[in-house]
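# A look at the structure
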Amino acid sequence: MSLCKFQFPKVRREVKESFFAARDYKTIPSPAPSLSWFLVSDDNIVGGIPPSICNVRSIKGLSLWRNNLVGTIPECLGNLSFSSVDLELQMNNFHGNIPGQFAEGCLLKNLNVDSNMLEGSLPQSLVNCRTWEILDVAKNNIRDTFPH
């Protein structure tokens, strides 16, 4: 695994299609089902990830890092891995386990959940994602290796 992020020129082309970046929200707004990129980071947002995030079918990037988010990470985020390439959930207060359902052929390249309160093992289904660039689970209570 290398420690590189996605390439910004590619992102800029897709941003024109369906992009949401928030400022001055207190909680995470409900995303439109057709959204491609959802960026609500470093904004002191409180609460949890809304269930409506599960209705977004073609999301490529979900960036919620460095907020004050709590609760568990919805299981549906593993299902979104068919379209999503970037899940940035680091520096929040999530607890529980990493969602366990990452289907064969998932496109996930970046899963960053560092600096939360997650525990347990890494889901074995993470090996179904063959295009890894970043898997960061540091500063949690996860004691495991990858791949298994």
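So, how was this worked out
- Residues numbered from 1 in each chain as written.
- Predicted model: local features only at pLDDT ≥ 70, side-chain atom pairs only at ≥ 80, totals over all residues.
- Heavy atoms only, no water.
- Helix = DSSP H or I, 4+ residues; strand = E, 2+ residues; numbered from the N terminus.
- Buried < 20%, exposed > 50% of the residue type's maximum accessible area, 1.4 Å probe, protein only.
- Contact = heavy atoms within 4.5 Å.
- Areas by Shrake-Rupley, 256 points an atom, 1.4 Å probe, with all protein chains shown as cover.
- 1 Å grid on protein atoms, 1.4 Å probe; cavity = no way out; pocket = protein on both sides within 12 Å on 5 of 7 lines; lining within 4 Å.
- Points joined across faces, edges and corners; volume = space filled by probe spheres on them.
- Disulfide = S-S within 2.5 Å.
- Salt bridge = Lys/Arg side-chain N within 4 Å of Asp/Glu carboxyl O.
- Pairing = 2+ DSSP bridges.
- pLDDT = per-residue confidence, 0-100.

Let us now look at the overall build of the protein. Tallying secondary structure elements over the protein gives 2 helices and 11 strands in all. Helices (α) and strands (β) of the protein occur, in sequence order from the N terminus, as α-β-β-β-β-β-α-β-β-β-β-β-β. Relative to its full complement of 148 residues, the protein shows a buried share of 45%. For the protein, contacts bridging at least 24 residues in sequence account for 48% of all contacts bridging at least 6. For the protein, the accessible area works out to roughly 7800 Å², and carbon and sulfur atoms hold 53% of it.

This brings us to empty space enclosed by the protein. Which parts of space are left empty comes out when a probe the size of a water molecule is rolled across the atoms. In this structure the tally under the stated criterion is 2 cavities of 30 Å³ or more. Estimated volume of the second largest cavity: approximately 40 Å³. Around the second largest cavity, the lining residues are Ile 73, Leu 77, Leu 87, Leu 89, Ile 98, Pro 99, Phe 102, Leu 111 and Val 113.

This part covers the state of the cysteines. Under the counting rule described, the total for this entry stands at 2 disulfides. For Cys 106, the disulfide goes to Cys 129, at an S-S distance of 1.7 Å. Remark: Cys 129 occurs in the loop between strand E9 (117-120) and strand E10 (134-136) and Cys 106 occurs in the loop between strand E7 (93-96) and strand E8 (110-112); sequence separation between them is 23 residues. Disulfide partners in the protein, listed by the sequence order of the bonded cysteines, are 1-2, 3-4.

Evaluation of the coordinates by the stated rule reveals 2 salt bridges. Across the pair Arg 66 and Asp 42 runs a salt bridge whose closest N-O atoms are separated by 3.8 Å. Placement of Arg 66 in the loop between strand E4 (61-63) and strand E5 (68-71) and of Asp 42 in the loop between strand E2 (37-39) and strand E3 (46-47) is noted, with a sequence separation of 24 residues between them. Assessed through its relative accessible area of 39%, Arg 66 is described here as partly exposed. By relative accessible area, which is 35% here, Asp 42 ends up partly exposed.

Here we have 5 strands laid out as an open sheet, ordered E3-E5-E7-E9-E11, and parallel in their pairing. Lying at the two open borders of the sheet, with one neighbouring strand each, are E3 and strand E11 (141-142). Taken together, the 2 bridges between E9 and E11 define a ladder with parallel strand orientation. Paired with Gly 120 across the bridge in E11 is Ile 142.

So, about the pairing of E7. Looking along a regular strand, one sees the side chains alternate between the two faces of the sheet. With burial as the criterion, only one face of E7 is covered, namely that bearing Phe 94 and Gly 96; the residues Asn 93 and His 95 on the opposite face remain uncovered. Sheet topology places E5 next to E7; 2 bridges connect them, and they run parallel. By the bridge assignment for E7, Gly 71 is matched with Phe 94. Where E7 meets E9, 2 bridges bridge the pair, whose relative direction is parallel. Along E9, the bridge assignment pairs Gly 96 with Leu 118.

In this model, the protein carries a mean pLDDT of 83, and residues with pLDDT of at least 70 account for 84%. Per-element averaging of pLDDT across the protein places helix H1 (residues 8-15) at the bottom with 36 and E7 at the top with 98. Low confidence marks residues 1-17, where pLDDT is under 50. Its contacts with residues over four positions away, or in another chain, come to 23 contacts.

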